[in-house]
Structure formats: C-alpha cells, structure tokens
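# Observations on the model geometry
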Amino acid sequence: MGVPVFILAGLLVHFVFLASIFDIYFSSPLVHGMTPQQTPLPPPAKRLVLFVADGLRADSLFELNSNNTPQAPYLRAILENNGSWGISHTRVPTESRPGHVALIAGFYEDVSAVAKGWKENPVEFDSVFNESKHTWSWGSPDILPMFAKGATGDHVYTFCYTAESEDFGAQDAAELDTWVFDHVKSFFNSSRSNQTLFSALNEEKVVLFLHLLGIDTNGHAHRPYSKEYKENIRKVDEGVEEIVSMLESFYGNDGKTAYILTSDHGMTDWGSHGAGHPSETLTPLIAWGAGVNYPQEVTSQLFEDNFLKEWKLENLKRMDVNQGTLPLEYLNNSDHFKAESMFTNAVQVLEQFKVKMSQKKRTTLSFLFTPFKPLSDSEQINFLKKARLYIQQQKYSEAVSLCKTLINLALEGLSYYHTYDRLFLGLSIAVSFVGWTTYVILVIIKTHTNLIKAAQINNKESTGPLYSFMFAGMIIAFFLLIQASPWTYYVYCLLPVPIWYAVVRELHVIQDLAANLWSLPVGHSVGFLLICILGIELLVFSFFYRSTLTVGLLVFAGWPVITQMWVQAKRTTLIWTLLCVFLAVFPLMPVVGREPNIPLVIVAGLTTLLISCFSLASFSRSENKYRGKEDLKVYFYQMFSIALSTYVVSSTHNSLKNKQGLPVFNQIVSWMTLASSSALPLLSPTLLFQRLFSILLSLMATYLLLSTGYEALFPLVLSGLMLVWIQMEQEALQHYGLSLRSKLAVFNFAYATDITQFRQLHLDDIRRSFFFVFFIVTAFFGTGNIASVNSFDPASVYCFLTVFSPFMMGGLLLLKVVIPFVLVSCAFEAVQVTTQLSSKSLFLIVLVISDIMALHFFFLVKDYGSWLDIGTSISHYVLVMSLTIFMMLMNGLAQLLTTKRLELSRRTKHHSM
C-alpha cells in the first residue's frame, strides 16, 4: 500500500471511528407519530407567564444580604405568602439552549444534538409554545428564534434586541432586561387600541415568555458576587413586580394567570458555565398564581445541603424538581385532576413505547427479535384498565402511583429498544479498531525496522483468504439487507472485513516477528510490554486527573539519571530536570480563568522580552550570524509586538473594569497581532534555534492577548523544555550509538528535506514518540480541562471582542488551546530531522499510541447518567480521535513554519535549498 493510499485509508477509517459513537450511542431517542392525548378536565389557568432569568444561581436569589434583607424583596414575598418554591436541578451541559429546551419542551436536550452543536432545532421536537394558541416572547436573538422556527403554524411571535446589545464590556448589561420589561409594557398598552391583538391576548392557552439575559451577561463580565450581578437581580425583581401588576390589571384580576420564575442554568464563581458544578446546576424556581399551591409551612425538612438554614427558609416547604419536570405537589387542584393528568401522561409515554417497539420489530428478523418482557401487550392493557378503575373508584393516590410505575417501565422499554443494536455495532467497531492497530504495527515492523527478513515475493499469492473475506462480507451485507438496516450499519459492520484481510496478507510478518520475540529473553519482552501499558494508562488517566501529568513530568525529569545519560551531558540534564519540574507545577494549578491575575500576564510579557534580549545576544555570538539587518528587524518587530500585547492586555482590562468598553485601538492591535503571528516566523532565518525562537515570539504575542492569569507563563516554560528536549535527543542518539551528535547551532531546517537516507527505527524511538504524545496531552490539559466547557473564561477574548458571538469567541478560545500544540509540533519536527528519522515512521508509532488510547475511551463512552458524565466521555473520545487528524495538520503546519522563508527583498516566496 503506497503512502498516499495509506494516508487516505487511515483518514477514512478514523472518520468512521469518530462518527460511529454518534450513531451507536447518540442517535436521536425522540419518537414521532403518536396520537396526541389531552386531560379531559379543564386547566386551572388560561395563560402562563414564564420569566427565565438567564444565568441566575439559586443562592444568589434566595440568600439574604449582610443586613438580613432579601436580595429580591418582591419574589421573597411571593414565595413566603403566595406561591411554591424550590431548587430546579439542571443537567450538563449547563448552557442556554439545552436549559431552555428542558424548560419549554419538557425533556433534556437530545444527546444527538451534541454532534450538531447547540443550534436551531438540530432535532424536531414539540414544545409548550407549539401547543399554545398564541405565544409572545421578548429577549435574546440567540434563544427566541429556535422555538419560533420549531413551531407549527404562525402563532409564536418574537421581539428581540440586536445581537450587538449583548456586550460584556457595556456600561450596564441590566439594560437588556429593562428593554424586555419596557417592550412588554408598551406591547400591552398598544393592544388596547388594536382589537385583533386584544382579542388574541384574552384567548385561552396563551403564553408570555420573558427571557432576561442581563444577569448572565453581568455574571460573565463581573462575576456572580459583583455588585453589578446583584444589582441586576434587584432590577429583575422590580421588573417582575411591575409586569405582574400590569397583567393583573389588564386581565381584571381574573385569577387565571399562572406565573413561573426560574433560570436555564447557574454560574461558577469565576463567571462561566457549561459543566456540572452545583453553582451551575442549582437554579431557583418560584411558581404562583392560577393552579399553583400556596406556601406550605413545615416543622422539619430533610435535605443534604444547608441551604434552608442559610436562606432562613426552614419553615416553608421546599420542593425541588429536575429541570423539565413538574411534580404534582406544585399543583393546587383536586386529586381527581392530578390523577387524570398522570393518567394522560402515562398514556403519552406508553404510545411512544409502542411506536418504538413496532419500528424495531419491523427491522428485525422474527426469530431474532426479543421483546421487552415487563411491558407485554397484556401487561399494558392490565396497567391501563387498573389505573382507569382506580380513578372511577376515586382511589386517586393509587391511580397516581400506578401511573408513575407505568411511566417508568415505558421509559425503560424505550431505552431498551433504542439501544437494541448497540452491542452488535459496538463489537464491529472494536474489532475494526484492533485490526487497524494491528495492521499499523505490522507496517511499522515491515518497512521501518530490521526485525523482519526480506520476504520472498510470491507472484502466485493464494486467493483463498480473499475469497473467504469476500464471502464473509456478502453474508454480512445480506443479513443487513433483509433487516432493512440503515446505510451506516453497512459501513460499521463491513469495515472489519478489508482491515482484517490486510492483516492476514501480512501473515509472514507476524511469523517472522513471533520467531524474533521467542529468541528474546522473556523478562525483557514482558518488562517492555509492561512499560508500554503503564505509559498508555498514564496518558488515559491524565484525561481524568490533570495531576497525572505532574507525575509523568517528574518521571521525565529523572529519565537522564535512570539511563545514565547525565554522565555525558550534566549541564543539559540539569536544565531538562529543572524545566520538567517547573512544567509539572502547571497541572496542579487551578483551571485557568477562575481567578484573573493580569499582573502575571504582564510578568510573562516582560519575562519574554528579557529572554529575547539574552537570546539575540547569544545568536549574535554564534558561528552562523545574521545574513543582514532584515533578520534583526524581524526579531525587533516581534519583541515590539510582545511589548504592545502586554500593554493592550493591561489597558483593556482596566478599561473594562472602569466600564469604558473595549478601546478601538486595542481591538485593532489585537487583530493585527493575530493576523501577523503566522507570517512573521517565515521572515526569520531557518537555522534551528533562531526559527523556533521566532515562532515562539509570534505565537506568544497572540497568547498574551488571550491570557488572564498564570497560563501566560505556560508557553514560555513549555518552549524552554522543547528546546532542551531537542538537545537531549541528540545526547540519546550518541548514548545508544545510533549516530554522531549533530551540531544543532548551525543546523538549518531548509536543508533537512534534502536528507535522502533515513535510519531505521530503534526501540528508543518508541519512547521518543511517547514523549511527543505526552507533551501534546500536556499542551492540552496543562492549564485547564478543555473537555469541560466551564474551563473557558470569556474574559480571555476581551482584547478582541466583547459583544457576544459564540462562534468567534469559540474560535479564539480554540486558538488559545492550539498555540501550545503548535509549539510542541514544531519541536517534534526538529527532533525528527535532527535524529534522521522520516516523519512517516514516527507518525505511525504516534498513530498506534493514540488508537490504543481511543479504544480505551470508546468503551468508556456513556449516554446515561448526568450530562457531565456523558459530555466528558464524548469529549475524551473525540479528542483522542481528533489527535490523528490534528497530527497530520500540525505536521504540515510545523514543516511550513520551520522550513519555508519569505524573502522580502525579492518579494518572492523562496525555499532555500
């Protein structure tokens, strides 16, 4: 198999591996085609008013001020005198879209939406708005349109402010909420002179939705304990009071309006959300008005937390709910109404179960179909008959209990049929994983080592294996065809066939390898295998526990001592050890963004400038000096960019702190620095250390603009370690007698591609590849857990923009993650060429390591439990699978950044040969 064909096959295989989890674990569980069910009794309310205070924490609303006065006096009076209250428990990801879907559509966001992003309606679903007669909504353009576009007909109306209004650097984000309240008032005032609108507002099944984004925006910009956040809560409290008073007056106090105030998610102390911290998942819920219970006084309540005592609400019954569900104890209605409501709910869920079962039965051979036994046809009939009989006999509590049991069984059955094919598909992918990894190992041994004897080419290769695998493929395809399986099933189930055929074709390699292994001492083979397993498990654990990276780096620090390399390179070993220890500190630090520390960013900028001065002095004394003043100009311009970036970071954060917004000059400088960061290194000399130094300066200028604290020092320490790593690998080559040590000071990247004779792989090259993968993982997790959304602080992008733009902000935060990755990739490129290895040979070893890690995470993927568990399992698998694609992209980028040079004097792009 040629190199281009192998790369293409590898990309296709890994794309299938990556896509498979979304088909196996995260296909849509929603069911369509049921008959609508309605409660026979009339509802207690004609209209619902829903206030969603985006980003409002439960403790921020319920806790008392230092002088024992409530944070929100009106809402406090409501829960004490007029309504019911509790904590609404949200689920991860604690983002606005899934939070609103749970509140308004009544279910946790479809997990298949993870593959499509939190955009408008990735999966069709019904909602309260869709079932209403009319819905009017006011608020953010990021939330309202998705429910309007998902509704059937034209009865959901939206009134949004402009996207530019969502500015984290604005003087007062509470104006967003004031806008909503003012527009609701003017809307109702205008209805008095518009008979059509007035009539519509007085119909039944009317929903008024007020989305209040100010609290979330102020929380991001100033943190939840800031006076801005708390003042915004007070303004919301006043606004709610005004709206309620206006509506009661408009409807003549008819007692037919139900009110709910809640939040889509909370917020961490450092102003972010997305993960599963209690501050993000605990949101307030206050309900009052038509059909809602009045406050219930109690003498004691059993909760694991101490909130009741802290909030001085011990005597008022707290009724917690899971976001998207409403317990019966909130309802102020007859037992008959509650029983009928539960019966209707049970029939709805049972209808979904029936549709799901019939769908699976149609696509499965009768002798292979195994039904969900707890809900056979006879059991379904018995449940419904018994529940209806209880209602007729006025045994309402028994009816409610039985309906809850039926709902739980139906939900279990839905899950059973939804995951019916999971084991079969999962085994197919696992077999493909093992086959592909085996094949890559065989390719490495065959083409890049001296372990295997030159194989005798047999022109009459046996066609037996080919026919056998073709027959197996035909059997699998026929089996899928008669079951009317989707086309993706063919891909997953047939993929093992060509992969394992390729493995079988290399049978002679396996035989020669086995013979070689038998000749080795058993202790050596077992020891080597155990070290490999330990190293890979260390990498896997680092995805869960960042401190594992610290352990690994401390082991790396002792590597020269263990191998006795320190004897021949004492100074280099000492620097290596110190930098490993320094870098080991970062994974022990708190995740970035929690405690902004701009002075540390300034220190990082000044330290970079100081190191730059020493480095330029060192280069000027080296044997290979600059070719002219143009080289010096590039470095001086990069140093100026570092100084300017340091100033911009300090100036921007001071300006935002004083509520003066983002200065235009700072914004222009930031974008210009970002734009020039990839081009400037191409103007510097291609000498190894000079080019790597130029790459660091360019990327460091951008990284400083994206930093808010100690992480600004991370690229400096990482780059220092990478430069010493290059030197240590030279010492390792000499130590193992593989080649003479190169003179790195005069090594030129531009001539590296002229090396025609690469050496074969040595056992130590596996360690070299492992180092690279470990450093890549360290680059990812060194300053935060990128698998967790709340690791990112929006303040990181404030030098570039402050107006809310999820894609732009997400792109900048991704760039911040990629910059350390590029630094490691460039260093690895230097290691490859200075140790006379082809990039393909080391890349294949990296591929094997990442695929073994990916197989670990494939079996750890979850679609149950909390969204924190689900999201973490997905992100870990996707990260490792993306590592291969990233590796190829970064390898190309590293070659471009290290070998190419732009000659300004000739105004042409020139590659020195």
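Quick caveat: nothing in here was measured; it's all calculated off a predicted structure. (Residues numbered from 1 in each chain as written. Predicted model: local features only at pLDDT ≥ 70, side-chain atom pairs only at ≥ 80, totals over all residues. Heavy atoms only, no water.)

Counting its secondary structure elements, the protein chain contains 34 helices and 10 strands. The buried share of the protein chain, taken over its 913 residues, is 53%. At a minimum sequence separation of 6, the contacts of the protein chain that also span at least 24 residues come to 80%. (Helix = DSSP H or I, 4+ residues; strand = E, 2+ residues; numbered from the N terminus. Buried < 20%, exposed > 50% of the residue type's maximum accessible area, 1.4 Å probe, protein only. Contact = heavy atoms within 4.5 Å.)

With that settled, consider the packing of aromatic side chains. If you walk through the whole model with that rule in mind, you get 53 aromatic pairs. Consider the rings of Phe-556 and Phe-771, whose centres lie 4.2 Å apart with planes at 25°: the pair is stacked. Taken as a pair, Phe-556 in helix 22 (residues 547-557) and Phe-771 in helix 31 (residues 764-781) lie far apart in primary sequence, 215 residues in all. For the pair Phe-556 and Phe-771, one class covers both residues: buried. Three or more aromatic residues link up through ring pairs in this structure, and these residues are Phe-556, Trp-559, Trp-576, Trp-725, Phe-770, Phe-771, Phe-772, Phe-774, Phe-775 and Phe-828. Sitting above the plane of the Phe-343 ring, Arg-388 keeps its charged end 4.5 Å from the centroid. (Phe/Tyr/Trp six-rings, centres within 6.5 Å; stacked < 30°, edge-to-face > 60°. Lys NZ or Arg CZ within 6 Å of the ring centre and 35° of its normal.)

Moving on to the pairing of strand 5 (residues 206-212). Among the seven residues of strand 5, seven are classified as buried, and the element is accordingly described as predominantly covered. Going residue by residue along strand 5, you find Val-206, Leu-208, Leu-210 and Leu-212 tucked away on one face and Val-207, Phe-209 and His-211 tucked away on the opposite face as well. Across seven bridges, strand 1 (residues 47-53) lies against strand 5 in parallel orientation. For Val-52, the partnering residue across the bridge sits in strand 5 and is His-211. As defined by bridge partners, strand 3 (residues 134-139) adjoins strand 5 across five bridges and the pair is classed as parallel. Of the residues in strand 5, the one forming a bridge with Trp-136 is Leu-208. (Pairing = 2+ DSSP bridges.)

Our next topic: the environment of Pro-43. Within the secondary structure layout, Pro-43 lies in the loop between helix 1 (3-24) and strand 1. What makes Pro-43 exposed here is its relative accessible area of 55%.

Between helix 29 (residues 714-735) and helix 32 (residues 806-834), the shortest axis-to-axis distance is 10 Å and the interhelical angle comes to 15°. Comparing their axes, helix 32 and helix 29 come out roughly parallel. Between helix 29 and helix 32 lies a crossing whose hand is right-handed. Along the contact surface, helix 29 presents Phe-714, Pro-715, Leu-718, Ser-719, Met-722, Trp-725, Ile-726, Glu-729, Gln-730 and Leu-733, while helix 32 presents Pro-820, Leu-823, Val-824, Ala-827, Phe-828, Ala-830, Val-831 and Thr-834. Residue composition of the contact of helix 29 with helix 32, grouped by class: 14 nonpolar, three polar and one charged. (Axes fitted to C-alpha atoms, helices over the stretch in contact; angles between N-to-C directions. Parallel < 35°, antiparallel > 145°, perpendicular 65-115°, else oblique. Left-handed = near helix turned anticlockwise from the far one by under 90°. Nonpolar A, V, L, I, M, F, W, Y, C, P; charged D, E, K, R; others polar.)

A few words now on helix 18 (residues 487-494). Of all the positions in helix 18, only Thr-488, Tyr-489, Tyr-492 and Cys-493 are classed as buried. One side of helix 18 carries all its buried residues, which in axial view fall inside an arc of 125°. (Arc of directions from axis to C-beta.)

Right, let's talk about the packing of helix 18 against helix 19 (residues 496-505) for a bit. The geometry of helix 18 relative to helix 19 is characterised by a closest axis approach of 5 Å and an angle of 15° between their N-to-C directions. Between helix 18 and helix 19, the crossing angle belongs to the class labelled roughly parallel. In this structure, helix 18 uses Tyr-492, Cys-493 and Leu-494 to contact helix 19, whose residues at the interface are Pro-496, Val-497 and Pro-498.

Attention shifts here to the pattern of salt bridges. Side-chain pairs of opposite charge can arise where the charged atoms are in close proximity. For the structure shown, the criterion picks out 23 salt bridges. Where Arg-234 meets Glu-231, a salt bridge forms, and the shortest distance between an N and an O atom there is 2.1 Å. With a gap of three residues between them, Arg-234 and Glu-231 both fall in helix 10 (residues 227-250), about one helical turn apart. Close ionic contact of Arg-768 with Glu-729 constitutes a salt bridge, the shortest N to O distance being 2.6 Å. With Arg-768 in helix 31 and Glu-729 in helix 29, the pair connects residues that are 39 residues apart, well separated along the chain. (Salt bridge = Lys/Arg side-chain N within 4 Å of Asp/Glu carboxyl O.)

With that settled, consider the sheet that holds strand 4 (residues 156-160). Sheets are built from strands that pair by backbone hydrogen bonding, the pairs being arranged parallel or antiparallel. Overall, mixed pairing links the eight strands, which are arranged 4-3-5-1-6-7-2-8 in an open sheet. Here the strands that pair on one side only, and so sit at the sheet edges, are strand 4 and strand 8 (321-322). Sitting on the sheet, helix 3 (residues 73-81) touches strand 2 (83-89), strand 6 (257-262) and strand 7 (282-289), and the angle it makes with strand 7 is about 65°. Contacts from helix 7 (residues 175-191) reach strand 3, strand 4 and strand 5, with the element oriented near 155° to strand 5.

Looking now at the side chain of Arg-546. If you trace the backbone, Arg-546 turns up in the loop between helix 21 (522-542) and helix 22. Among buried Asp, Glu, Lys and Arg side chains, Arg-546 stands out as unpaired, with Glu-711 the closest opposite charge at 9.9 Å. In terms of polar contacts, Arg-546 uses its side chain to reach the backbone carbonyl oxygen of Phe-586, at 3.1 Å. (Lys, Arg positive; Asp, Glu negative; His and termini not counted. Polar contact = N/O pair within 3.5 Å; in protein donor to acceptor, adjacent residues only side chain to side chain.)

Our focus in this paragraph is the nonpolar core. Counting residues in each nonpolar core, the largest one holds 149 residues, and the members touching the most others are Trp-576, Trp-725, Phe-775 and Tyr-877. Ignoring any residue separated from it by four or fewer positions in sequence, one finds Trp-725 in contact with Trp-576, Arg-767, Arg-768, Phe-771, Phe-772, Phe-775, Ala-827, Phe-828 and Val-831. (Core = buried A, V, L, I, M, F, W, Y, C linked by side-chain atoms within 4.5 Å.)

On to unusual backbone geometry. Unlike most non-glycine residues, Gln-564 shows phi in positive territory, near 65°. When you line up the elements, Gln-564 lands in the loop between helix 23 (559-562) and helix 24 (570-585). A positive phi angle is found at Lys-659, which is not glycine, with a value near 60°. By the secondary structure assignment, Lys-659 is in the loop between helix 26 (629-657) and helix 27 (664-676). Lys-659 gets classed as partly exposed once you look at its relative accessible area, which sits at 26%.

Taken together, the side chains of Val-522, Val-526, Leu-529, Leu-530 and Ile-533 make up a nonpolar region of the molecular surface, amounting to roughly 480 Å² of accessible area. You can see Leu-530 is positioned in helix 21. (Patch = residues over 30% accessible without salt bridge, like charges linked within 9 Å, V, L, I, M, F, W, Y side chains within 5 Å. Areas by Shrake-Rupley, 256 points an atom, 1.4 Å probe, with all protein chains shown as cover.)

Between the first and last C-alpha of helix 7 there are 24 Å, a value that for 17 residues agrees with the 24 Å anticipated at 1.5 Å per step. Along helix 7, the residues that are buried comprise Leu-176, Asp-177, Val-180, Phe-181, Val-184, Phe-187, Phe-188 and Ser-191. Down the axis of helix 7, the smallest arc covering the buried residues is 145°, so these residues share one side. Contacts from the buried residues of helix 7 go to strand 3, strand 4, helix 8 (195-201), strand 5, helix 9 (214-222) and helix 10. (Expected span 1.5 Å × (residues − 1).)

What follows concerns the environment of Asn-202. Here Asn-202 lies in the loop between helix 8 and strand 5. The partly exposed category is assigned to Asn-202, whose relative accessible area is 30%. With 48 residues separating them in the primary sequence, Asn-202 and Phe-250 have C-alpha atoms 9.6 Å apart. Ignoring any residue separated from it by four or fewer positions in sequence, one finds Asn-202 in contact with Lys-46, Phe-250 and Tyr-251.

On to the confidence of the model for the protein chain. With 88% of its residues at a pLDDT of 70 or more, the protein chain has an overall mean of 84. Taken as a whole, residues 455-460 scores under 50 in pLDDT and shows one contact with residues more than four places along the chain or in a different chain. Low pLDDT, under 50, characterises residues 906-913; the predicted model gives this stretch 14 contacts beyond four residues in sequence or across chains. (pLDDT = per-residue confidence, 0-100.)

Within the secondary structure, Arg-57 is located in the loop between strand 1 and helix 2 (58-62). Spatially, the C-alpha atoms of Arg-57 and Pro-278 are 9.4 Å apart, while their sequence positions differ by 221 residues. Residues within four places of Arg-57 in sequence aside, it is in contact with Pro-224, Tyr-225, Tyr-229, Gly-266, Met-267, Thr-268, Asp-269, Ser-279, Leu-282 and Pro-284.

This part takes up the side chain of Arg-57. In this structure Arg-57 comes out as buried when scored by relative accessible area, which is 3%. A polar atom in the side chain of Arg-57 sits 3.1 Å from the side chain of Tyr-225.

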